[in-house]
Structure formats: structure tokens, C-alpha cells
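Chain by chain, the residues:
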Amino acid sequence: MYRYETHLHTATVSACSYFQPQQVVDKFVRLDYRGVFVTDHFLNGNTTVNKALPYAEQIEKYCEGYESVKALAGDKLDVFFGFEYSYFGTDFLVYGLGKEWLLSHPEIMDMRPKEFFQFARKEGGVVIQAHPFRQDFYIDHVRLFTSDVDGFEVLNISRREIENRAAKAYADIYGLRQTAGSDIHGIGHKELAGMEFKTPLKSEKDYCGRILRGEGNIFSIADKKYAQ
């Protein structure tokens, strides 16, 4: 089976991350992963990008995390692009829409979430609500989207078990597609989660197609280097 991290933040772009691009490559190569998706916090989230810059320059800066990991990985690790769209502490992983698409659509910054999700999906993207039942001091209430997204992240290794159980139960009831990811922000994560497939992914679009068809398995592993 070919394993992939689907939820990863770099210190280059995500303000809450301390995961340097070389550390990303080193960790996942050591763990024998086939690839990773770099999903930094987007411009409407917890980003290091200067929001006073023109939109195109913000996108250039935003993509530096992904581009750095990809350049360092070479042929050792497949590196794919994604982004984590935010709405007042409610987050969504978007796959299948790359840098050129973002550059071509500055209007997305003025869209409400429902409008953005519909547009992104129409354009060939896949939208997964990340850690849907996350609770934290800066989140005033849980927002759940069903008809507007393609699926739920039902195993986020950085969240509490009860939150993941709730996400899976809700996804089961509503027949939503289900994914997993680590939401990894640093090298020292002791446990990881992601998606695995019988054959390697060819591209972001390939991943989107497989998720929409219900392919792939959720997995979790311990990083023995850091496990106690």
C-alpha cells in the first residue's frame, strides 16, 4: 500500500507551524511514505503571508511552503498541493485546485463559504471539512456542512478521540466520504494518520477522483522515533 499525508502545515506559510520544509521531507521519507499534501492555512486563515500585499503577490508567497517542500523532496517523495480554507475557526481542506487556479480567481476572497465551496467543486476541486467537531477556546460553536462539501475528515490524529468519533458518526449518517490526516505542525508528532492506496497517486486530480469514488483506506501509525 502507498501511504500519503493529507493534512500538513509548513512554518514557511502557516503561522502556527514549526515544521520546516526539510524536516517535512526527512520525516516522511524516513517513515517510507509515498507522498504528502502540503495544505497550509490559506489567506483567510492563520497565515504568515502579509495581507497588505496585492492578491497575486499573496498567492506567490502562499505557495512558497509547498514549492520548498517539493524542491527539497526531488524524487524521494511525491509532494502535492492543497490548501486549508478557513471561516471563523471552521476549516476545510481543498484539493485539486493549484496555484494558477488561485491566481486566476481573486474573487474567491469575497465569497461566502457556501458560494466558494460550490464554485471550487464545480471547477474540479474536492472539499473536505477538516476536524468538523473540533472544540477550542477560539471557536464559539461547531459549524457542520453536509451538502456543500464532499466529505469529512473523520480521523484527525491531532484531535481528541471524542471529536473524531463524532465526525465519523455524522459522516456515516449523512453518507459523506471519509478521509484522515495528521494536521501535522512539527517534526515531533508521535502518531500520524492519512490515506493509503493500492497504486501510487499520479496527481492532485487523481486523488480527487479516488476520494469521490470512495477509494483508499484510512490508516494511522506511530512514529517510533518519538513514541514513548
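Heads up: the structure comes first, above all this text.
A brief structural summary. Quantities reported herein were computed from a predicted structural model and do not represent experimental measurements. (Residues numbered from 1 in each chain as written. Predicted model: local features only at pLDDT ≥ 70, side-chain atom pairs only at ≥ 80, totals over all residues. Heavy atoms only, no water.)

### Concerning the overall build of the protein
- Along its length, the protein carries seven helices and nine strands.
- Its C-alpha radius of gyration of 16 Å places the protein within 12% of the 17 Å reference for a compact globule of 228 residues.
- Judged by the C-alpha coordinates and their principal axes, the protein covers about 45 × 40 × 35 Å.
- Counting the 228 residues in the protein, one finds 54% classified as buried.
- Considering only contacts within the protein whose residues lie at least 6 apart along the sequence, 71% involve residues at least 24 apart.
- Of the roughly 10400 Å² that the protein leaves accessible, carbon and sulfur atoms contribute 50%. (Helix = DSSP H or I, 4+ residues; strand = E, 2+ residues; numbered from the N terminus. Rg over C-alpha atoms; globule rule 2.2 N^0.38 Å. Buried < 20%, exposed > 50% of the residue type's maximum accessible area, 1.4 Å probe, protein only. Contact = heavy atoms within 4.5 Å. Areas by Shrake-Rupley, 256 points an atom, 1.4 Å probe, with all protein chains shown as cover.)

### Focus: unusual backbone geometry
- Residues other than glycine seldom take positive phi values, yet Phe88 does so here, at roughly 50°.
- Along the chain, the position of Phe88 falls in the loop between strand S3 (78-87) and strand S4 (90-95).
- Phi is positive for His131, which is not a glycine, with a value near 25°.
- The residue His131 is located in the loop between strand S5 (126-129) and strand S6 (151-156) in this model.
- Overall, His131 belongs to the buried group, its relative accessible area being 5%.

### A few points about the pairing of S3
- Among the 10 residues in S3, nine count as buried, and that is most of the element.
- Hairpin geometry of S3 and S4 is characterised by an intervening segment of two residues between the two adjacent antiparallel strands and by a positive phi of about 50° at Phe88. (Pairing = 2+ DSSP bridges.)

### Things to note about the sheet that holds S5
- Judged by pairing direction, the sheet is mixed, and its nine strands sit side by side in the order S7-S6-S5-S4-S3-S2-S1-S8-S9 without closing on themselves. Only two strands of the sheet have a single partner each, and these edge strands are strand S7 (177-181) and strand S9 (217-222). On average, adjacent strands in this sheet sit at an angle of 35° to one another, irrespective of strand direction.
- Here S3 pairs with S4 via six bridges, running antiparallel. Bridge pairing in S4 places Glu84 opposite Leu93.
- Relative to S6, helix H6 (residues 161-174) is tilted by about 150°, and along the sheet it contacts S6 and S7. (Axes fitted to C-alpha atoms, helices over the stretch in contact; angles between N-to-C directions.)

No statement about biological role is implied by the geometric values presented.
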